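# Architecture and fold: a report
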Amino acid sequence: VVQAFKSAVLAGRHVVVTAGPTREALDPVRYLSNHSSGRMGFAVARAAAEAGACVTLISGPVTLSTPAGVERVDVTSAADMEAAVNRVIDDADIFIATAAVADYRSAQPAAQKMKKSTDGLILSLEKTPDILGQVAERRPDVFTVGFAAETEQLETYARAKLTRKRLDLVAANQVGDGLGFGVEDNALSVYWADGSRELERAPKEQLARALITLIVERFYAQHP
Ligand code: CTP
Ligand code: CA
């Protein structure tokens, strides 16, 4: 782990990281979102910068301070995040998607605050863009890393994402049992086409360094 950081092994490389949740407006005062804290993504951005990379961190709404030496872009919705990624992806070498992007948004966000009626409410939702999937499809030269938080069948679902989105690496974590969202410690099972590695339970900062070390290893295996 130490070696990657001592030798600034990512010097001259541009790493783009997405982090945090997105918020999808229902009306001017309400939104759909999730419990992502952004901590894993910010730790990954910090670790990439420590390894010498030029890092762009594109973050949804979180309450974290920007790691030293990292360029941060704040966004709100999945559409904003997609646009921000597209603005910086041109010269990227590595794209790490840690963001918990909302999968759905309102098909017709209300222009004015919705008023309560006597009945229930049925919302019509549409899918948000798959930011990571699009980067992997349009830019096969960029080394793409996805995250998968799963409550069951970790390897099966993680490998399905690796194949379906044509990713280079998937970092999967089990959610529930005191691990995952909002928890300081995390553990990752990392999968690529012909291999896997377990990164054992550790504080997110330490785990992020281990993940960057593995990403560097796989990246240079493809770019000798
Ligand atoms: N992701 C993304 N854009 C989306 C949805 C997901 O960039 N609209 C990225 C996430 O940042 C993550 C990876 O895709 O790196 C996998 O996210 P996940 O939610 O696990 O995958 P989905 O394809 O949305 O599948 P599901 O939610 O059904 O498990
Ligand atoms: Ca999802």
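Residues numbered from 1 in each chain as written. Chains lettered and ligands numbered in written order. Predicted model: local features only at pLDDT ≥ 70, side-chain atom pairs only at ≥ 80, totals over all residues. Heavy atoms only, no water.

### Topic: the coordination of the calcium ion (ligand 2)
On the protein side, the calcium ion (ligand 2) has Asp-103 (OD) and Asp-103 (OD) as donor atoms, found 2.4 to 2.5 Å from it. Here Asp-103 lies in the loop between strand 6 (94–97) and strand 7 (104–106). (Donors = N, O, S within 2.8 Å, 3.2 Å for Na, K, Ca; no water. Helix = DSSP H or I, 4+ residues; strand = E, 2+ residues; numbered from the N terminus.)

### Observations regarding the UniProt feature "binding site: CTP" (unreviewed entry) in the protein chain
As annotated in UniProt, the feature "binding site: CTP" (unreviewed entry) corresponds to Asp-103, Lys-113, Pro-129, Asp-130, Ile-131, Leu-132, Phe-147, Lys-161 and Lys-165 in the numbering used here. Spatial dispersion of the annotated residues is evident: they stretch over 63 residues in sequence, and the largest pairwise C-alpha distance comes to 37.3 Å. Those annotated residues that line the largest pocket are Asp-103, Pro-129, Asp-130, Ile-131, Leu-132, Phe-147, Lys-161 and Lys-165. Its relative accessible area of 55% is what places Asp-103 among the exposed residues. Residue contacts for Asp-103: discarding those within four places in its chain leaves Glu-126, Lys-127 and Thr-128. Setting aside its immediate chain neighbours within four residues, Pro-129 contacts Ala-78, Glu-82, Arg-105 and Gln-134. (UniProt positions renumbered as here; feature names shortened; annotations may be inferred. 1 Å grid on protein atoms, 1.4 Å probe; cavity = no way out; pocket = protein on both sides within 12 Å on 5 of 7 lines; lining within 4 Å. Buried < 20%, exposed > 50% of the residue type's maximum accessible area, 1.4 Å probe, protein only. Contact = heavy atoms within 4.5 Å.)

### Structural notes on the sheet that holds strand 1 (residues 14–19)
Taken together, the eight strands give an open sheet; going across it, the order is 5-4-1-6-9-10-11-12, and neighbouring strands pair in mixed fashion. Looking at which strands have only one partner, the edges of the open sheet turn out to be strand 5 (70–74) and strand 12 (195–203). Going from strand to strand, the sheet's axes swing by 20° on average, the running direction of each strand aside. Sheet topology note: the strand 4 (residues 54–59)/strand 5 ladder contains five bridges and is parallel. Counted as the bridge partner of Ser-59 is Asp-74 from strand 5. Packing against the sheet, helix 2 (residues 39–50) makes contact with strand 1, strand 4, strand 5, strand 6, strand 9 (143–150) and strand 11 (185–192), and its axis sits at approximately 170° to strand 4. Relative to the sheet, helix 4 (residues 131–138) contacts strand 6 and strand 9, its axis offset from that of strand 9 by approximately 150°. (Pairing = 2+ DSSP bridges. Axes fitted to C-alpha atoms, helices over the stretch in contact; angles between N-to-C directions.)

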